Structure formats: C-alpha cells, structure tokens
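Topology and contacts: notes
Here's the letter readout for the chains.
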Amino acid sequence: MSWLVKPKTNEPAALRLRRHLEAEEALLAPGVFNALVALEAERQGFKALYFSGGAYAASLGLPDVGLLTLEDVVHGVRWVTRAVDLPVIVDADTGFGGALNVARAVRELEAVGAAAIQIEDQVMPKRCGHLAGKAVVAAEVMAEKIAAARRAREHLVIVARTDARGPEGFEAAVARAELYLKAGADVVFPEALESAAEFRAFARRVRAPLLANMTEFGRSPLVPAARLFAWGYRIVIFPVTALRAAMKAVEGVLAALRREGSAARWVPRMQTRAELYALLGYAAYEALDRSLGEASDAP
Ligand SMILES: C[C@](O)(C(=O)O)[C@H](CC(=O)O)C(=O)O
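Computed from a predicted structure; not experimentally measured.

Focus on the overall build of the protein
Of the regular secondary structure elements, the protein holds 13 helices and eight strands. Radius of gyration (C-alpha) of the protein: 20 Å, near the 19 Å computed for a compact globule of 299 residues. In the protein, the proportion of contacts linking residues at least 24 apart, taken out of those at least 6 apart, comes to 71%. Looking at the protein as shown, the accessible area adds up to about 14400 Å², and 58% of this sits on carbon and sulfur atoms. Within the protein, the 35 negative side-chain charges are centred at a point lying 4 Å from the centre of the 37 positive side-chain charges.

Examining the environment of arginine 153
Considering the arrangement of structural elements, one finds arginine 153 in the loop between α6 (139-152) and β5 (157-162). With a relative accessible area of 15%, arginine 153 lands in the buried category. If near-sequence neighbours (up to four positions away) are discounted, arginine 153 is found in contact with Arg18, Val106, Glu110, Ile158 and Asp186.

Overview of the pattern of salt bridges
Here the structure, examined in full by the defined rule, presents 26 salt bridges. For arginine 43, the salt bridge is made with glutamate 40, and the minimal N-O distance between the two is 3.0 Å. Taken together, the residues span about one helical turn, with arginine 43 and glutamate 40 both in helix α2 (residues 35-43) at a distance of three residues. A relative accessible area of 23% means that glutamate 40 is categorised as partly exposed. Close ionic contact of glutamate 71 with arginine 104 constitutes a salt bridge, the shortest N to O distance being 3.2 Å. One end of the pair, glutamate 71, is in helix α4 (residues 70-83); the other, arginine 104, is in helix α5 (residues 99-111), with 33 residues separating them in the sequence. On the accessibility criterion, arginine 104 (43% relative accessible area) is partly exposed.

Some details on unusual backbone geometry
Note that the residue after methionine 124, namely proline 125, is joined by a cis bond; omega there is -5 degrees. Mapped onto the fold, proline 125 is located in the loop between β4 (116-120) and α6. Phi is positive for alanine 192, which is not a glycine, with a value near 55 degrees. Looking at where alanine 192 falls in the secondary structure, it is placed in the loop between β6 (187-190) and α9 (196-205). The exposure class assigned to alanine 192 is buried, which follows from its relative accessible area of 3%.

Notes on the packing of aromatic side chains
Taken as a whole, this structure holds four aromatic pairs when the rule is applied. Judged by centre distance (6.1 Å) and plane angle (85 degrees), the rings of phenylalanine 170 and phenylalanine 202 are edge-to-face. Of this pair, phenylalanine 170 sits in helix α8 (residues 170-183) while phenylalanine 202 is found in helix α9, placing the two residues 32 residues apart along the sequence. Among the residues examined, phenylalanine 170 registers a relative accessible area of 15% and is labelled buried. On the basis of relative accessibility, which here comes to 0%, the residue phenylalanine 202 falls in the buried class. Note on tyrosine 277 and tyrosine 282: the rings are 4.3 Å apart at their centroids and 10 degrees apart in plane angle, and the pair reads as stacked. Since its relative accessible area comes to 29%, tyrosine 277 is described here as partly exposed. In this structure, arginine 82 packs its charged tip against the face of tryptophan 79, placed 4.7 Å from the ring centre. Above the plane of the ring of tryptophan 266 lies arginine 269, whose end atom (NZ or CZ) is 3.8 Å from the centre.

Brief notes about α6
Relative to the 20 Å expected for 14 residues at 1.5 Å per residue, α6 spans 20 Å between its end C-alpha atoms, a close match to the ideal helical length. By the burial criterion, the buried members of α6 are Ala139, Met142, Ala143, Lys145, Ile146, Ala148, Ala149 and Ala152. Where α6 is buried, its residues contact α5, β4, β5 and α8.

Description of the confidence of the model for the protein
Confidence in the prediction of the protein, expressed as mean pLDDT, is 95, and 98% of residues score 70 or more. Scored as a complex, the prediction yields pTM 0.96 and ipTM 0.99.

What about the packing of α8 against α9?
Axis separation between α8 and α9 bottoms out at 11 Å; the angle between their running directions is 35 degrees. Handedness of the crossing formed by α8 with α9: right-handed. Every residue of α9 that contacts α8 at Phe170, Glu171, Ala173, Val174, Ala177 and Glu178 is listed here: Glu198, Ala201, Phe202 and Arg205. Partitioned by chemical class, the residues of the contact of α8 with α9 number six nonpolar, no polar and four charged.

Looking at the site of the ligand
In the region of the ligand, 16 residues are neighbours, and Ser52, Gly54, Gly129, Glu191 and Thr215 sit closest. Arginine 161 places a side-chain nitrogen or oxygen 2.9 Å from an oxygen atom of the ligand.

About the thresholds
- Residues numbered from 1 in each chain as written.
- Predicted model: local features only at pLDDT ≥ 70, side-chain atom pairs only at ≥ 80, totals over all residues.
- Heavy atoms only, no water.
- Helix = DSSP H or I, 4+ residues; strand = E, 2+ residues; numbered from the N terminus.
- Rg over C-alpha atoms; globule rule 2.2 N^0.38 Å.
- Contact = heavy atoms within 4.5 Å.
- Areas by Shrake-Rupley, 256 points an atom, 1.4 Å probe, with all protein chains shown as cover.
- Lys, Arg positive; Asp, Glu negative; His and termini not counted.
- Charge placed at Lys NZ, Arg CZ, Asp CG, Glu CD.
- Buried < 20%, exposed > 50% of the residue type's maximum accessible area, 1.4 Å probe, protein only.
- Salt bridge = Lys/Arg side-chain N within 4 Å of Asp/Glu carboxyl O.
- Phe/Tyr/Trp six-rings, centres within 6.5 Å; stacked < 30°, edge-to-face > 60°.
- Lys NZ or Arg CZ within 6 Å of the ring centre and 35° of its normal.
- Expected span 1.5 Å × (residues − 1).
- pLDDT = per-residue confidence, 0-100.
- Axes fitted to C-alpha atoms, helices over the stretch in contact; angles between N-to-C directions.
- Left-handed = near helix turned anticlockwise from the far one by under 90°.
- Nonpolar A, V, L, I, M, F, W, Y, C, P; charged D, E, K, R; others polar.
- Near = heavy atom within 4 Å.
- Polar contact = N/O pair within 3.5 Å; in protein donor to acceptor, adjacent residues only side chain to side chain.

Written as structure tokens, this is what we have:
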C-alpha cells in the first residue's frame, strides 16, 4: 500500500536485502516495470523484486538496447519503491557510461530506495543477454565500474552481471566472476548459461551469492527455482514474465474489442474494480481524506 497512507519501514532496503543474503534465504524475484505490478507482487508475498530494464523499456515502447537514461530508470524505480516496502534489485544495464557514471547511478538509485544495482559487462549498444551478436568490454573495464560502485555506495548491494558466456565461453564467464568479486561485487549474475549442467557447474566453481535469470524464450533452459536454490543460487529472477503475460492478455482483449465492438465476453477474465481498488488501498485514501477533513473542522 502506498507511502501516502502507510509509513514505510525505516531500515534501508539494501540492508534488508543483505540480511536475506546473509541468512542464505532463497529469493524468487519477479520482474516489475511499474508500481501496480509491484503492488501485486507484494500482495502475493514475494520478498524481493527485480526492476527489469527490458520490461521497463518495453513498457515505454523501446527495445532493450541501452536507450534508457539514468533519469528514466530513477523515475521508474522511484514509483516502485514508493508503492511497496520490498527490496528492489535495479537493472542498470552497463551503468550509463564509464566508472564515474556508475558512481552517480549508485548514489541516485540509493537515494530513491533501491536495494541493489545490477551492472553488466556488455559494450554499447547493449542487447538482451539472450540474443546473438553480443560483445563484452575488457574485464578490467568492468572491474573498474564495480570498484567505482563499491566506493560510491552506502549500503546498496552490487550485482555484477557477466555476458561473457555467449561471446567468450563458460570458462571466461567463471574467470570474470572471480575478478568482479575481487573488485567488490556482492552478487554474481552469469547471464545466458546454456544448460542446467552449466548452471550447476557455475555454482560449484563460483562460491559467492549468485543470481539466476529464468527469462522465457531465451538461451537458458527454464530450470525450476527450487533446483537452482538447491545448487546454491540465492536469487532467481523472472524479469519479463509479468509483462509477457499481461501483453498477451491485452492483445486478446483488444482483438476481441475490435472484432466485436464489446469487451463483455472478457469481463470474467478481468481484474474487477473492487480488486483494483483493494490493491491500490483506495479505502485508506478515503479514510485519510476524511480524517484530514475532520481535523480541519475541529474548533
Ligand atoms: C534481465 C534483462 O536484462 C532484463 O532487462 O530484464 C533481460 C531479460 C530478457 O530480455 O529476457 C536479459 O537480457 O536477460
């Protein structure tokens, strides 16, 4: 429920995420791209969220090729962190430039209540990690960005993503993970591993908190989260799942509307007005408004 009517926890979100990681809890983090989706994820009981660059860009009508600015991302994240009281892991693509830009991104994201920043080692223009034709920057360039993030952060968790598996192979991804941990990363995200065996082998080789990406229609098999957790992954993200499902529903309902001139047939499949209002905490806003009115009526 919104910050306007319900006070938030005082503890910084990054410290909460750190506690989850230190307790070796398994975190299933759905990807969100706006506050409403984040509210639903919170209502369902998820303990952390992933602010997906790809889903957020798509929601703005853009492909995931590094067009979002830091301001765009900060703006989107701020709505999410206002709406929910959960740690949000923020996809910051390549960090919006060089090491200095990463330092600024860390400060700005921490200021709007993010729990973690994720930066990746692709060259610009970046691509979805599951597409062909990716290239990575020299490992030292990425290590410098991580060191910059480490110096700039107060509590923010630093997630280092390596896209090296595709262009350079599995061993290179492991070597980069080790270098990024030395540079100060808290969590490693091996992007686009190509089999369940690779996920398992990576967790055996890299002894650090790990994040697995179970994005659909990509290069990685959809391994059940429970198996990934058993192999040692701490965070499993489903970055574009809600967007894909929502857009398929939008496609269907708009096609029916166009065809039939009515959406009546779809009403049983819609979120009701009461459900939407409950999610938004509508009644609490009314109660707040009433109590403010009563306070000003008082003699
Ligand atoms: C994790 C990711 O960076 C994202 O933007 O959410 C994407 C997800 C996707 O495009 O499926 C990725 O590059 O894996």
